Amino acid sequence: MSRTRTIRVDYMTRVEGEGALFLKFAGDHLSEVQLRIFEPPRLFESFLRGRSFREVPDITARICGICPVAYQMSSVQAIEKALQVEPHPQVRELRRLLYCGEWIESHALHIYLLHAPDFLGYPDALSAAHDHPERVKLGLELKQTGNALVTLVGGREIHPISVCPGGFFRVPSRTELDALVPRLRRALDLAIDTTEWVAGFDFPDYEPAYDYVALRHPTEYPLLDGHLASTRGLDIPVEQYEDHFVEEHAPHSHALHSRQRQGGSYHVGPLARLNLNFDRLPPDLQALAARSGVAAPCTNPFRSIVARAVETAWACQEALRIIDHYQEPPEAAVAAEPRAGKGCAVTEAPRGILYHAYELDSQGLVRRAKITPPTAQNQRRMEDDLREVARMFQALPDPELAARCEQLVRNYDPCISCATHALKVRIERT
Amino acid sequence: MILIGYGNPLRGDDAAGLEVARYLQTYGVPAVASEHDAAGLLELWRGADRLIVVDAVITGTEPGTIHRFAPEQVELSADLTLAAPVSSHGLGLREAIGLARALGVLPADTVIYGIEGARFEPNAEISPPVERAVRGLAIRLRFAYLTSMQPAASAP
């Protein structure tokens with residue numbers, strides 16, 4: 001007997017690039033700000049139920065085309081917690097290496113093709129490329145090095161296939177990694193040059209009182225683990241994430257907005273990481289950050305592009321360090337057998353903390369999944385910023401006001417086509 | 001010569017370019033099926049002297065129509081909708097071509113074939129007229145490839 005079910009998913013129009021910003025002015029008074037972003041993770045939380053834990057990393061990787069590694073890392077660590085499985089230490093280093101590749105690729109793409117045009121006064125990357133072809137080529141070279149690292153460690157460029165609970169299906173050899181070293185050294189030079197370039201941009205004078213949230217680790221600049229820390233003094237293990245951060249339905253966007261139980265919005269991402277982990281940067285990168293205007297504390301969100309560039313340099317340096325010390329693990333993956341359990345993990349995606357939590361049954365099937373991406377956590381903060389920035393620039397003609405709003409939204413590098421000029425901005429003045 | 005079939009395998013006729021590449025591969029022609037973003041595409045055709053890209057398009061003509069475009073037409077035409085970019089950051093084929101031209105890294109001899117699509121819903125099958133067009137174009141391109149491999153070949 002067959003059943004027919006009809007499921008209409010309005011969200012799928014997002015594939016066309018639907019993000020929308022609505023500003024309403026009554027005279028000089030900004031009466032309404034709405035930012036609408038669609039959220040694929042909601043659907044994934046549902047259809048992951050009943051799936052085997054082995055499928056989870058590959059399925060969640062599809063949530064994001066630009067940061068699949070982040071989803072694989074958060075999900076695989078959460079599952080390993082639930083199964084009480086611990087991979088070899090060398091696997092952890094390889095995972096950090098893979099993550100470095102993604103940071104390099106994602107940050108370079110964002111800086112050069114998405115955000116720099118705003119600061120240079122161009123409507124998009126194409127027109128910027130016409131006037132600055134050599135500069136854009138450097139950015140693409142930097143990005144491609146990140147891609148090459150992800151492909152080598154992850155097995156495929158767009159959605160890595162080598163990550164599995166317990167480790168990897170295959171680990172690279174010493175020789176394969178060494179082959180990337182010249183490119184990574186060049187990428188490091190490019191990243192430092194990029195930092196110095198973006199440090200010279202004009203930044204609107206906007207220093208809101210943020211609460212920044214990021215992982216903090218005893219020794220490392222955060223990628224895979226640590227405690228959750230905030231600039232207002234929070235310091236909790238990741239297991240307490242849901243006790244402190246809650247999602248609420250925001251009707252105008254069909255999305256869930258994160259806020260802190262104790263207070264309001266918060267900010268995750270490169271600026272948050274830099275502010276909370278500045279002392280974890282090697283001294284030469286602290287110096288780079290300082291002369292580029294982003295030594296902690298840095299509270300101007302428009303400077304996030306500089307923070308991103310510093311992090312790109314860090315990721316290149318860290319990749320070189322990991323390769324230098326690399327030893328192949330005794331086995332690519334430890335056994336991961338099904339058992340009932342609960343586990344959660346937070347890792348630092350390029351855009352900020354990414355929380356995954358899973359509950360598995362005794363056969364290792366998912367009973368419950370929770371995925372909170374960085375962009376969703378920033379959404380409330382984005383709207384608060386938009387309110388302020390729209391007020392700051394409200395006297396500008398609408399097209400310029402819209403451009404400033406887009407420039408602001410891109411500080412968050414959201415995983416939506418808002419990051420390109422596909423953001424639909426509607427301004428109503430009465 | 002580089003042959004690229006570009007598209008999205010999950011949205012009906014949006015897979016047309018990928019299918020053309022797949023057919024060409026079965027004929028022994030080294031075509032690439034690509035879902036890359038703009039930067040990845042630039043990498044794919046780096047150094048080539050001749051480039052053919054196939055993608056699904058919407059221009060309002062009969063489904064299955066095979067259009068042939070020069071790069072400027074693709075970059076600048078407002079009436080032409082290309083396959084939606086697969087990257088969540090929205091930089092697809094049109095942006096790749098524009099970027100490559102701006103940077104001077106688009107092969108001098110570049111042609112874009114657009115197959116007019118009828119349906120693009122998620123998980124839809126390729127529609128029959130597009131399937132026919134895919135097969136026909138693959139045969140044409142195989143011939144173009146073989147001709148280009150001959151010494152003193154003239155471009156078709």
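The written sequence of each chain sets the order in which its residues are numbered from 1. Both sets of labels track the order of writing: A upward for chains, 1 upward for ligands. Totals for whole chains, interfaces and linings use all residues, but because this is a predicted model, local features are given only for residues with pLDDT of at least 70 and pairs of side-chain atoms are given and counted only at 80 or more. To obtain the side-chain values, all non-hydrogen atoms of the structure were included, while hydrogens and water were left out.

Draft legend 1. Geometry of the sheet that holds strand E5 (residues 213–216) of chain A. Residues and elements named next belong to chain A. At least two DSSP bridges between two strands are required for those strands to pair. Working definition: helices are DSSP H or I runs of at least four residues, strands are E runs of at least two. Numbering for both runs from the N terminus. Strand order in the open sheet made by the three strands is E5-E6-E7, with antiparallel pairing throughout. Two strands bound the open sheet, and with one partner strand each, they are E5 and strand E7 (235–236). In this analysis, two residues are considered to be in contact whenever any of their non-hydrogen atoms come within 4.5 Å of each other. A fitted line through C-alpha atoms serves as each axis, taken over the contacting stretch for helices, and the angle formed by two N-to-C directions is quoted from 0 to 180°. Packed on one face of the sheet, helix H10 (residues 270–277) meets E5 and strand E6 (227–230) and runs near 50 degrees to E5.

Draft legend 2. A look at the state of the cysteines. Criterion for a disulfide: a pair of cysteine sulfur atoms at a distance within 2.5 Å. Tallied over the entire structure, the rule returns zero disulfides over all chains. For the unlinked cysteine Cys344 of chain A, the closest cysteine sulfur is that of Cys67 of chain A, found at 19 Å.

Draft legend 3. The arrangement of the packing of aromatic side chains in detail. All names here are of chain A. Two rings from Phe, Tyr or Trp (for Trp, the six-membered ring) form a pair when their centres sit within 6.5 Å of each other. Planes less than 30 degrees apart are called stacked, planes more than 60 degrees apart edge-to-face, and all others tilted. A full pass over the atoms with the stated rule returns 14 aromatic pairs over all chains. Feature note: the residues Tyr112, Phe119, Trp197, Phe201 and Phe203 constitute an aromatic cluster, connected by ring pairs. Taking NZ or CZ as reference, Arg429 lies 4.7 Å from the ring centre of Phe25, over its face. Whether a charge sits over a ring depends on NZ of Lys or CZ of Arg being within 6 Å of the ring centre and within 35 degrees of the ring normal.

Draft legend 4. Spatial organisation of the nonpolar core. Leu23, Leu97, Tyr99 and Tyr358 of chain A together with Trp45 and Leu99 of chain B are the most contacted members of the largest nonpolar core, which totals 144 residues. Leaving out residues up to four positions away in the same chain, Trp45 of chain B has contacts with Ile4, Leu51, Val53, Ala96, Ile97, Ala100, Val105, Leu106 and Pro107 of chain B. Here, nonpolar core refers to any group of buried Ala, Val, Leu, Ile, Met, Phe, Trp, Tyr and Cys residues whose side-chain atoms link them within 4.5 Å. Burial status follows relative accessibility: with a 1.4 Å probe on protein chains alone, a residue under 20% of its type maximum counts as buried, one over 50% as exposed, and anything between as partly exposed.

Draft legend 5. Just helix H11 (residues 283–291) of chain A, in detail. All names here are of chain A. Buried within H11 are the following residues: Leu285, Leu288 and Ala289. Down the axis of H11, the sector holding all buried residues measures 95 degrees, keeping them to one side. Those residues of H11 that are exposed and aimed more than 90 degrees away from the buried face are Pro283 and Arg291. The inward-facing, buried residues of H11 abut helix H8 (181–199) and helix H12 (304–325). Within two residues after H11, Gly293 carries a phi angle of roughly 85 degrees, on the positive side. The arc in question is formed by the directions pointing from the helix axis toward the C-beta atoms.

Draft legend 6. Layout of helix H4 (residues 89–120) of chain A. Residues and elements named next belong to chain A. Each residue after the first adds 1.5 Å to the expected span of a helix. Here H4 contains 32 residues, and its C-alpha end-to-end distance of 44 Å stays within 8% of the 46 Å for a straight helix at 1.5 Å per residue. What is called the bend at a residue is the angle between a pair of axes, fitted to the seven residues leading up to and ending at it and to the seven starting from it. Of all the bends in H4, the largest measures some 40 degrees and sits at Ile111. A large share of H4 lies buried, amounting to 27 of its 32 residues.

Draft legend 7. Layout of the pattern of salt bridges. Residues and elements named next belong to chain A. Salt bridges, as used here, are contacts in which a Lys or Arg side-chain nitrogen is within 4 Å of a carboxyl oxygen on Asp or Glu. Scanning all chains against the criterion turns up 36 salt bridges over all chains. With a shortest N-O distance of 3.5 Å, Glu93 and Arg321 are connected by a salt bridge. Of this pair, Glu93 sits in helix H4 while Arg321 is found in helix H12, placing the two residues 228 residues apart along the sequence. Classification of Glu93 by relative accessible area gives partly exposed; the value is 21%. The exposure class assigned to Arg321 is partly exposed, which follows from its relative accessible area of 35%. Connected through salt bridges with shared partners, the residues Arg92, Glu93, Arg96, Glu220, Asp225, Glu318 and Arg321 form a single ionic network.

Draft legend 8. Summary view of the packing of H4 of chain A against H12 of chain A. All names here are of chain A. Direction vectors running N to C along H4 and H12 enclose 150 degrees, while the axes themselves pass 8 Å from each other. The pairing of H4 with H12 is recorded here as roughly antiparallel in orientation. For H4 against H12, the interelement crossing comes out left-handed. Here the nonpolar group is Ala, Val, Leu, Ile, Met, Phe, Trp, Tyr, Cys and Pro; Asp, Glu, Lys and Arg are the charged ones; every other residue, Gly included, is treated as polar. Taken together, the residues of the contact of H4 with H12 sort by class into 15 nonpolar, five polar and six charged. Oblique is the label for every angle not falling under 35 degrees (roughly parallel), over 145 degrees (roughly antiparallel), or within 65 to 115 degrees (roughly perpendicular). Take the far helix as the reference: if the near one is turned anticlockwise from it by less than a right angle, the crossing is left-handed, and if turned clockwise, right-handed.

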